[in-house]
2 protein chains.
Amino acid sequence: MSNAEVLSLTEPHIQDVVPCCPPLTERPMNAEEAERAARMFKALGDPVRLRLFSAVASHESGEACVCDISDVGVSQPTVSHHLKKLKEAGLLTSERRGTWVYYRVEPSVLAAMGKLLTTTPAAA
Amino acid sequence: MSNAEVLSLTEPHIQDVVPCCPPLTERPMNAEEAERAARMFKALGDPVRLRLFSAVASHESGEACVCDISDVGVSQPTVSHHLKKLKEAGLLTSERRGTWVYYRVEPSVLAAMGKLLTTTPAAA
């Protein structure tokens, strides 16, 4: 895979999401930071979306096609709807290869969200 | 402060939330885990709630009264409404002392959410 192809996995709106933000325990968030971070948390605030996200994130190579992850008890259109929401929130990227669209977790986004929830000594 | 007083900060519903769950990148979540974790993410999926949560989390000693954190541009009843939602999700505990109710971040919950977002080598 060429560098150009790798880069194409990172869609423009991802840039609006990362890097965000300081740990929640470090200082009060401002309005702009909260808007950006809340968008990511909201995307994970639905059980079906969270299961789909987890299914992609834990799949081999952190990548999965719809055919790999549809075992969550909802219809295929519902799966597609939730995957779209996760993409809009910048949590997943997608790439069509042949018949299937492959979804991949954006590791920098996951890392940024994890950092948000880091506890500092002051809050422990 | 006695041990009994410290323990009283931990309300019963917190027990329903923690420990939850394996890192999202470790294996697909089951329905029960997703229900529990989504509840926490959803609570942080609102910008005003996230700012309030961050204001409490970053306040001295990880504790704040409403008087300390009402500077987010919404009315006092709205602040109270959001703090209640954060309590219901198990993210905050509260304790009345004199005139004021003091809110505190439940560090174990924050740690559990941070663990959820840990990236494992398989997903990196």
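Residues numbered from 1 in each chain as written. Chains lettered and ligands numbered in written order. Predicted model: local features only at pLDDT ≥ 70, side-chain atom pairs only at ≥ 80, totals over all residues. Heavy atoms only, no water.

Q: Can you explain the side chain of Ser54 of chain B? Please cite residues and give values.
A: In this fold, Ser54 of chain B is placed in helix H4 (residues 47-58). Relative accessible area serves as the criterion here: at 0%, Ser54 of chain B is assigned to the buried category. A distance of 3.0 Å separates a polar side-chain atom of Ser54 of chain B from the backbone oxygen of Arg27 of chain A. Looking at Ser54 of chain B, its side chain comes within polar contact range of the main-chain nitrogen of Met29 of chain A, at 2.9 Å. With residues up to four places along the chain from it excluded, the contact list for Ser54 of chain B reads Leu24, Arg27, Pro28 and Met29 of chain A. (Helix = DSSP H or I, 4+ residues; strand = E, 2+ residues; numbered from the N terminus. Buried < 20%, exposed > 50% of the residue type's maximum accessible area, 1.4 Å probe, protein only. Polar contact = N/O pair within 3.5 Å; in protein donor to acceptor, adjacent residues only side chain to side chain. Contact = heavy atoms within 4.5 Å.)

Q: Account for the state of the cysteines, naming residues and giving values.
A: This model, assessed by the stated rule, comprises two disulfides over all chains. Across the disulfide, Cys65 of chain A is cross-linked to Cys67 of chain A (sulfur-sulfur distance 1.9 Å). (Disulfide = S-S within 2.5 Å.)

Q: Break down the pattern of salt bridges for me, citing the residues and quoting the values.
A: Where charged atoms from two side chains of opposite charge approach closely, those side chains can pair. Residues and elements named next belong to chain A. Considering all chains together, one arrives at 12 salt bridges over all chains under this definition. Lys84 is the salt-bridge partner of Glu88, the closest N and O atoms lying 4.0 Å from each other. Residue Glu88 and its partner Lys84 are both found in helix H6 (residues 76-88); the two are separated by four residues, about one turn of the helix. You can call Lys84 exposed: its relative accessible area is 52%. (Salt bridge = Lys/Arg side-chain N within 4 Å of Asp/Glu carboxyl O.)

Q: I'd like to hear about the relation of the copies chain B and chain A, residue by residue, with values.
A: Turning chain B through 180 degrees and shifting it by 0.0 Å along the axis lays it on chain A, with an RMSD of 0.0 Å. Here the transformation between the copies is reduced to the relation of a two-fold axis. Both copies contact each other with a shared surface, as 100% of the interface residues of chain B are interface residues in chain A too. (Least-squares fit on C-alpha atoms with pLDDT ≥ 70 in both.)

Q: Give me the lowdown on the pairing of strand S2 (residues 92-97) of chain A, citing residues and values where you can.
A: Residues and elements named next belong to chain A. Sheet analysis places S2 next to strand S3 (residues 100-105), joined by six bridges and oriented antiparallel. Directly across from Arg96, in S3, lies its bridge partner Val101. The hairpin turn running from S2 into S3, its antiparallel successor, is two residues long, and Gly98 in that turn takes a positive phi close to 65 degrees. (Pairing = 2+ DSSP bridges.)

Distances and angles like these do not, on their own, reveal function.
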